Structure formats: C-alpha cells, structure tokens
Amino acid sequence: MVVMCMKSLGISSKRGGLFREKKKNGRASVSKEVPLTEGSPKSKPDLGYDGHTAAQQTPSQKKNLDDIFCGDEPYYGSSEACSFETDYEADGEEVEQKIVWELGLVFDNIDKFREAVTKYAIQEKKQIEKYVNGPGKVRVKCSKEGCKWLLFASVYENSNNFMVKTYYPINKCGETNKNYICNSKYLAKRFRDRIIEHPNIRIFKFQETIKKELGIHVGMTTARRARAKVLTEIMGDHIAKFKRIYDYRDEVLRTNPDSTCVVKVGERDADGKLVFLSFYVYFDALKKVFLSGCRRCVGLDGCFLKGICKGQLLVVVCKYGNNQMLPIPWVVVEYENITTWSWFVKCVQHDLQLGDSTNLTLISDIQKVISIP
C-alpha cells in the first residue's frame, strides 16, 4: 500500500532514502541568450497563480491571493513601491552615524573634528588622547604603549576647513569602559535636553544614564560640570546676577513709580562680600487695586524655590471684586521663620496704610502667632 502511494506521487526508494523520480524527457536546457525585447514572438507576460496577469486580476482575485499566501498578515506586491519600512522609519528615532576615518576627510572647523574624535572613542570604546591639540592642528593617538594607531588633521590650504592628512587605522587594543576624552563639554551637548527636563537630577542618576546610553563610566566631577554647564546656559550665572541686585531694584522703581522694592542684606562674609537675605516687591498697581475696594481679609502663605537659587517665596493674597485671587506683595527670603514673617508683615502694613490693623483679618497656617504693632 505504501509502495503504491509512493509510485503515485512519483517517489522511489533507492539507497535507503527517498528520491523523486526523474522525468523521462529530462530537464529542459537553458539557453544562454534569452530574448527580452517586446517584439520577440516567444516573450509572454508573467501569469499569476490563476492564469491571469497582474493587470488582468480583478479585486476579488487579488483578495484571494492575499488570503492564500498571507492569511491575516498584509500582502505587498513586488511592483508596489516602499513595500517594507526600514528600522529607522518604523521606530522614528534618529540613528547616530558611525564614524569611519579616511584620508582626505574634511570637517567644517576644528570643533567638528574634535567632536567626531570623541564620538569615535565612545563608539569603538578605545582609550585615545590628543597629545597635540592646537588651534591649527590636532594629532590623536592611542593611549596604550606600543599601539601605532594615529590620526592627524590640520587646517586645509586657503580655508578654515579641517582635513585628515595622516591616518594609521590598525588598533588591536582591547575595549574599555573609561574614556577621559569624553569631557563635560560633550556630555552637556549630548544630554542638554535631558538636563533641561530634570534640572535637579542627582549626579549618580546622571552617571547611570550615561553608562546606559554610551556604555562608559564618567566621574562625578565630570557629570557635575556637564550639568552645571547646561544650567548656566539656560539660567545664566546666578552669582554674577546677584552682584547686580541693586541695579534690578533701581530699574523696578524707575519703571514702576510709587512702587516699593527693598533689598535686605546681612553682614559681610569672610571675603568681605555682602550676604543676601531678602528681596521685597510691591507694585503700585497692586496697591491701588487693593485700596480701591478689596475685602480687608488677606491670606499668608509660602513655598520653596527649587533650582540653582534656593530659598523661599512668601506672598500675601486677597480677593477682589470679581471674586478672584489677587497676589499683593511678595518677598524672597532665605528661610521661613517668625523673624522673616514679622519683617514681611511690617512692610505690608506700612505699604497698605493699615494703622493698628484692627480692621484687617489674616488667614495663615503658621503655628506661631505673628504680632503686628
């Protein structure tokens, strides 16, 4: 029975295996020259599985073709353009180009070349160093003794472009997870958006992020400097800004007549510089709104200031005629305590001409009582 089935299928048993019987007329010979011209009498259009060309297939036939070959998965004909998407298009993420050195490679300027050297060191996980690093030429070599890997680039003639002029590509040194050429400048540029989103990121968390994305370990000092570079760029140098705080006060008073702006400083430190304590602001427009008809019921509250400049913000709010919240004065202090609150309330009492404050109601969550003379 088995032999009959094998015979009917054209299969014979020889040498212990199953071999398909050869057809009697043999395999057709293939000509070396095949006519491909349209006028050739032997040229015929390619037929589909049902004996029709692609142009003659009806929509129902094409749908059957999808069901037979693909099932639930989409079917793409070979004639359709863009049948498959690349990994880059599907993920939607930018793939960083691989750095490949060659003689005659030209860069716009020296900064672009130095950045490419850093990317190459991170990409290949090699420890390299720039032992000649001048404004007109840069020579880079492997840090391992005996390694002949070398890269040299200098300014191209009659231009500011930087061109690779010497390159020895053989580098058999092993990989390393420490790279001193990956400095804070490169990290600040690479992770700028991440630092802006999380300005208070802890240094060890930042190190873990660098380790995960770049595969290298950087020191805490390098990571801290990279974060400081980004924050200084977006917020400015706060130390230099504090030196001009009196100029800011004068500008507020010049542009807002009859307003109140007070800068309070403490004793000088060991370097002879004044220590900032508080900054009080009350604009004249807010004074007029409160005195024109607001209820004499105010609330006192405070919050922490986060970022480079620490401290606390204390504010007095009330409700005006439209039953909406209105901030009146505010002050920036170093700490929130009974001393800073008392000084703040005295300034508000003087600006609003409250007198003995018998007709004023204060709402606050402060546990200690603030005495108003």
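Going by the structure above, here's the rest.
What you see as residue numbers is a count from 1 along each chain, following the sequence as written. At least 70 in pLDDT is required for a residue's local features to be given in this predicted model, at least 80 for side-chain atom pairs to be given and counted, and no such filter applies to totals for whole chains, interfaces and linings, which use all residues. Heavy atoms from the whole structure form the basis of all side-chain values; hydrogens and water molecules are not counted.

S.K.: Looking at this structure, how should I read the overall build of the chain?
M.R.: By definition, any uninterrupted DSSP run of H or I lasting at least four residues is a helix, any uninterrupted run of E lasting at least two residues is a strand, and each is numbered from the N terminus. Each helix and strand counted, the chain has 12 helices and 13 strands in total. Taking all 373 residues of the chain together, 29% fall into the buried category. In this description, contact between two residues means that some pair of their heavy atoms is separated by no more than 4.5 Å. Of the contacts formed within the chain by residues at least 6 apart in sequence, a portion of 48% connects residues at least 24 apart. Per-residue and other accessible areas were derived by the Shrake-Rupley procedure at a 1.4 Å probe size, with only the shown protein chains allowed to occlude residues. Carbon and sulfur atoms make up 52% of the accessible area of the chain, which amounts to about 27100 Å² in all. Using a 1.4 Å probe on the protein chains alone, a residue whose accessible area is under 20% of its type maximum counts as buried, one over 50% counts as exposed, and one in between counts as partly exposed.

S.K.: How do you make sense of the packing of helix 7 (residues 203-214) against helix 8 (residues 220-235) when you look at a structure like this?
M.R.: For any two helices packed against each other, the geometry comes down to the angle between their axes and how far apart the axes lie. It is the contact of helix 7 with helix 8, at a shortest axis distance of 9 Å, that shows an interaxial angle of 95 degrees. As far as their axial angle goes, helix 8 and helix 7 are roughly perpendicular. Counting all contacts with helix 7, which are made through Ile 203, Phe 206 and Gln 207, the residues of helix 8 involved are Met 220, Ala 223, Arg 224, Ala 226 and Arg 227. When residues are grouped by polarity, Ala, Val, Leu, Ile, Met, Phe, Trp, Tyr, Cys and Pro land in nonpolar, Asp, Glu, Lys and Arg in charged, and all others, Gly among them, in polar. A breakdown of the residues in the contact of helix 7 with helix 8 according to their chemical character gives five nonpolar, one polar and two charged. Lines are fitted to the C-alpha atoms to define the axes, a helix being fitted only along its stretch in contact, and any angle between axes, read from their N-to-C directions, falls within 0 to 180 degrees. The scheme is simple: roughly parallel for angles under 35 degrees, roughly antiparallel for over 145, roughly perpendicular for 65 to 115, oblique for anything else.

S.K.: Hey, could you run me through the sheet that holds strand 7 (residues 162-168) in this one?
M.R.: In a beta sheet, neighbouring strands pair by backbone hydrogen bonds and run either parallel or antiparallel. Here the rule is simple: two strands pair whenever DSSP picks up at least two bridges between them. The antiparallel open sheet is built from five strands, whose spatial order is 3-7-6-5-4. The open sheet terminates on both sides in strands that have one partner only, identified here as strand 3 (106-107) and strand 4 (128-133). Two strands pair when backbone bridges link them, and strand 4 and strand 5 (residues 137-142) are joined in this way by five bridges, in the antiparallel orientation. Across the sheet, Lys 130 pairs through a bridge with Val 140, a residue of strand 5.

S.K.: Even after reading the chapter, I still don't get the environment of Asp 258, so can you show me in this structure?
M.R.: As for its placement among the helices and strands, Asp 258 is situated in the loop between helix 10 (245-255) and strand 8 (260-268). Given the relative accessible area of 62%, Asp 258 is considered exposed. Spatially, the C-alpha atom of Asp 258 lies 9.0 Å from that of Ala 285, the residues being 27 residues apart in sequence. Leave out the neighbours within four places in its chain, and Asp 258 touches Asp 284 and Lys 287.

S.K.: Any chance you could explain the side chain of Thr 260 here in plain terms?
M.R.: In this fold, Thr 260 is placed in strand 8. On the accessibility criterion, Thr 260 (17% relative accessible area) is buried. A distance of 2.9 Å separates polar atoms of two side chains, one belonging to Thr 260 and the other to Lys 287. Between N or O atoms, a polar contact is any pair within 3.5 Å; within protein, one atom must be a potential hydrogen donor and the other a potential acceptor, and residues adjacent in sequence are included only when both atoms are from side chains. Here Asp 351 takes part through its side chain, which lies 3.1 Å from a polar atom of the side chain of Thr 260. When neighbours within four sequence positions are excluded, Thr 260 is seen to be in contact with Leu 253, Tyr 280, Val 281, Tyr 282, Lys 287 and Asp 351.

S.K.: Teacher, can you tell me more about the sheet that holds strand 9 (residues 274-282) here?
M.R.: The mixed open sheet is built from six strands, whose spatial order is 8-9-12-11-10-13. What marks the edges here is a single partner per strand, and that holds for strand 8 and strand 13 (361-364). Across this sheet, the average inter-strand angle for adjacent strands is 20 degrees, counted without regard to direction. In this sheet, strand 12 (residues 325-333) lies alongside strand 9 in antiparallel orientation, the contact comprising four bridges. Along strand 12, the bridge assignment pairs Val 281 with Trp 330. Helix 11 (residues 284-291) contacts strand 8, strand 9, strand 10 (297-305), strand 11 (311-319) and strand 12 of the sheet and is inclined by roughly 135 degrees relative to strand 12.

S.K.: Would you explain the pattern of salt bridges in this entry?
M.R.: Pairs can form between side chains of opposite charge once their charged atoms are near each other. Think of a salt bridge as a Lys or Arg side-chain nitrogen and an Asp or Glu carboxyl oxygen that are within 4 Å of each other. A complete count under the given rule lists 10 salt bridges for this structure. The closest approach of N and O atoms between Asp 351 and Lys 287, which form a salt bridge, is 3.9 Å. Note that Asp 351 is positioned in helix 12 (residues 338-351) and Lys 287 in helix 11, a separation of 64 residues in sequence. A relative accessible area of 10% means that Asp 351 is categorised as buried. Among the residues examined, Lys 287 registers a relative accessible area of 11% and is labelled buried. Connected through salt bridges with shared partners, the residues Glu 115, Lys 119 and Lys 189 form a single ionic network.

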